[in-house]
Amino acid sequence: MKKEIGIIGLGVMGCALARNFGRNGISLALYNRHLSGSEEKVALRAIQEHTELKKAQGFEEVKEFIEALERPRKIILMVTAGEAVDHLLSSLSGLLHPGDLIIDGGNSDFKSTEKRLNTLLDSGVLFLGLGVSGGEEGALNGPSLMAGGSREAYELAHPYLSRIAAITPSTNKALAYFGSGGSGHFVKMVHNAIEYAEMQLIAEAYLFLRNVLGMKTDEIGAVFDAWKASHSKSYLLEITSEILQTKDEHGFVLDRIAPIASYNQTGASALIEGALSGQPLSMVASALFTRFISNQKPPQAEVSSLKRTHSKTISIETLHKAYAFARIVNHYQHFSMINASAYHYRWDIKPNDLCEVWSAGCIIRSSLLERLAQAKTVETPLFFNSEIQSELSTSKEELKAVLNAAYQSDIALPGLSNALNYYLQLTADDPSAALVQAQRDYFGAHGVYFKEEANRLVHYPWKA
Ligand code: 6PG
């Protein structure tokens, strides 16, 4: 019997996804390359180790793998984004037929996905860019899946993907099609940008509780435990409170981890795409730059000479409100970007669908997204409802208090302060851009818009 789905790449994510398909009764052919000494019989070993894979067939030869699949073939690539994808596409191209489908389930750059789609167009081989979120646990038990490419490709994949996707709180599948081209990978890239800033905001709350309020690691864990039972409930908060309470014979594990944070490409890609399309993604910028700075820190001696005073003047509830404020700004920035890009690239990305797909399985799932998913309006940005507006205008004061206290203790909170700056810039009377535009006009004759005629660009004779 030929197999329904082929998976290429049995690393952590590929193997977990394969087990999910296997558990859901989908027959599988599994391929992993052979690299002497490092990757040998990987597919075969996965099959032996996991009962869900006992009916799967393992391969190290691409041709045999392809021949084991029913037509039209449906092949999922679970390999590192970048060259590996192109390399595989060129080795598969001669072996596939029109109507066969390749799904790229990695964190590929959405513009590369668009190029790959165009390259495959003449061959008639279908291609789907699929954002897969949820880490190993999500891939195994129910990921959030974000698809983009041709409708035909999505329809061929849908019956299989829908069996493995997470189930959302409103009992839908965490699976959606967002349009042509690289839309699926674009949505996943923005998901990751939100993820970066969500992680950063939790890390800043931790820093504040530790270095400003002088709390101990497990006490901070207890604070996050309480927050995760509130409107701030999120997967990232849940795992953070577990991390903070994890102890071994040497004490808290977190206290022994060097403060150096790494990154792959999606955060930077989101920031660049945002910058190129005029979207001020300051929340992901602050998260990403904080990771960069963590790799550039001066030697420990200099770091420890910084001021360490503990102020108890801010309550944990005040910090909680400041944190909630910044999370709304983070989501607002990224949903604004999605709206703008969906319009630009002609993708059918509905904010409510996004909230739904992101309300289960993925890393950024949270009660905030569930709440946004329930909002009925699609055209107007979800955040302009009066409830959220009034929340922001009251918790703004708490955020200021937190930032003041942090600066008193020489603590930088870039995510939280960017959230406040962004909000103030959006909402306050701010004529500074008028001055910048006048400067541009003065030295470069770029023109200015006068208030009484805001659609007409005119050069003012400054030097006359
Ligand atoms: C997910 C994650 C996952 C991965 C990212 C994180 O949704 O499951 O986003 O895709 O964790 O690669 O990016 P960094 O490695 O850059 O932190």
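Each value, and the rule that gives it
Residues numbered from 1 in each chain as written. Predicted model: local features only at pLDDT ≥ 70, side-chain atom pairs only at ≥ 80, totals over all residues. Heavy atoms only, no water. Buried < 20%, exposed > 50% of the residue type's maximum accessible area, 1.4 Å probe, protein only. Helix = DSSP H or I, 4+ residues; strand = E, 2+ residues; numbered from the N terminus. Right-handed = clockwise from strand over helix to strand, strands pointing away. Contact = heavy atoms within 4.5 Å. Pairing = 2+ DSSP bridges. Axes fitted to C-alpha atoms, helices over the stretch in contact; angles between N-to-C directions. Core = buried A, V, L, I, M, F, W, Y, C linked by side-chain atoms within 4.5 Å. Left-handed = near helix turned anticlockwise from the far one by under 90°. Nonpolar A, V, L, I, M, F, W, Y, C, P; charged D, E, K, R; others polar. Domains from an automatic or database assignment. Buried area = accessible area lost by both parts, 1.4 Å probe. Salt bridge = Lys/Arg side-chain N within 4 Å of Asp/Glu carboxyl O. Expected span 1.5 Å × (residues − 1). Arc of directions from axis to C-beta. Polar contact = N/O pair within 3.5 Å; in protein donor to acceptor, adjacent residues only side chain to side chain.

1. Here we look at the pairing of strand E2 (residues 28-31)
At step 1: Both faces of E2 are covered, namely the face carrying Leu28 and Leu30 and the face carrying Ala29 and Tyr31.
At step 2: A crossover connection joins strand E1 (residues 5-8) to the parallel E2 through helix H1 (residues 12-23); in handedness this β-α-β unit is right-handed.
At step 3: One crossover worth recording links E2 to the parallel strand E3 (residues 57-59) by way of helix H2 (residues 42-49), and it is right-handed.

2. Topic: the side chain of Ser367
At step 1: For Ser367, the position within the fold is in helix H16 (residues 367-374).
At step 2: Looking at Ser367, the relative accessible area reads 19%, which means it is buried.
At step 3: With residues up to four places along the chain from it excluded, the contact list for Ser367 reads Ser230, His231, Ser232 and Lys233.

3. Here we look at the sheet that holds strand E6 (residues 126-133)
At step 1: Within the open sheet, the 8 strands sit side by side as E3-E2-E1-E4-E5-E6-E7-E8. Their pairing is mixed. The open sheet has two free edges, formed respectively by E3 and strand E8 (175-177), since each of these has just one partner strand. Sheet twist, expressed as the average angle between the axes of neighbouring strands with direction ignored, equals 20 degrees.
At step 2: Here E6 pairs with strand E7 (residues 144-149) via 6 bridges, running antiparallel. Looking at E7, one finds that Gly131 is bridged to Met146.
At step 3: The strands touched by H2 within the sheet are E2 and E3, with E3 carrying the most contacts at an inclination of about 155 degrees.

4. What about the nonpolar core?
At step 1: Within the largest apolar cluster, 76 residues are counted, with the highest numbers of intra-cluster contacts made by Phe186, Phe208, Phe224, Ile349 and Trp358.
At step 2: Discounting residues that sit within four places of it in the chain, Ile349 has contacts with Phe178, Phe186, Val187, Ile338, Ala342 and Leu354.
At step 3: The next biggest cluster of nonpolar side chains, apart from the first, holds 38 residues, and it includes Cys15, Ala46, Leu126 and Ile164.

5. Examining the packing of helix H14 (residues 316-345) against helix H18 (residues 414-427)
At step 1: Two elements in contact, H14 and H18, have axes separated by 9 Å at closest approach and are oriented at 65 degrees. When you trace H14 past H18, the crossing you get is left-handed. Across the interface between the two elements, Ala322, Tyr323, Phe325, Ala326, Val329, Tyr332 and Gln333 of H14 pack against Leu416, Ala419, Leu420, Tyr422, Tyr423 and Leu426 of H18.
At step 2: For the contact of H14 with H18, a count of residues per class yields 12 nonpolar, 1 polar and no charged.

6. Here we look at the domain arrangement of the protein
At step 1: As assigned here, the protein comprises domain 1 (5-181), domain 2 (188-427) and domain 3 (431-464).
At step 2: When each unit is reduced to the centre of its C-alpha atoms, the spacing between domain 1 and domain 2 is 32 Å.
At step 3: Between domain 1 and domain 2, the residue contacts involve 30 residues of the former and 23 residues of the latter.
At step 4: Taken over both partners, the interface formed by domain 1 and domain 2 buries close to 1,900 Å², and the fraction arising from carbon and sulfur atoms is 59%.
At step 5: Linking Lys111 and Glu273 is a salt bridge whose minimum nitrogen-to-oxygen distance equals 2.9 Å.
At step 6: Contributing elements (two or more residues each) for the side of domain 1 that touches domain 2: helix H5 (110-121), E6, helix H6 (135-141), E7 and E8.

7. Quick look at the pattern of salt bridges
At step 1: Taken as a whole and assessed by the stated rule, the structure comprises 16 salt bridges.
At step 2: Here Lys74 ties to Glu70 by a salt bridge, and the two come within 3.3 Å at their closest N and O atoms.
At step 3: The class of Lys74 is buried, set by a relative accessible area of 3%.
At step 4: Note that Lys228 is salt-bridged to Asp225, the shortest N-O span being 2.6 Å. One end of the pair, Lys228, and the other, Asp225, are both in helix H9 (residues 217-228), 3 residues apart, so they sit about a helical turn from each other.
At step 5: Through salt bridges that share partners, Asp86, Asp104 and Arg116 make up one connected network.

8. Here's the deal with H5
At step 1: The end-to-end C-alpha distance of H5, which contains 12 residues, comes to 17 Å, matching closely the 16 Å that a straight helix rising 1.5 Å per residue would cover.
At step 2: Every buried residue belonging to H5 is among Phe110, Thr113, Arg116, Leu117 and Leu120, and all of these are buried. Along the long axis of H5, the arc covered by the buried residues comes to 110 degrees, so they all point the same way. Exposed residues lying more than 90 degrees from the buried face of H5 are Lys115, Asn118 and Thr119.
At step 3: Taking the backbone nitrogen of Lys111 as reference, a side-chain oxygen 3.1 Å away marks Asp109 as the first, capping residue of H5.

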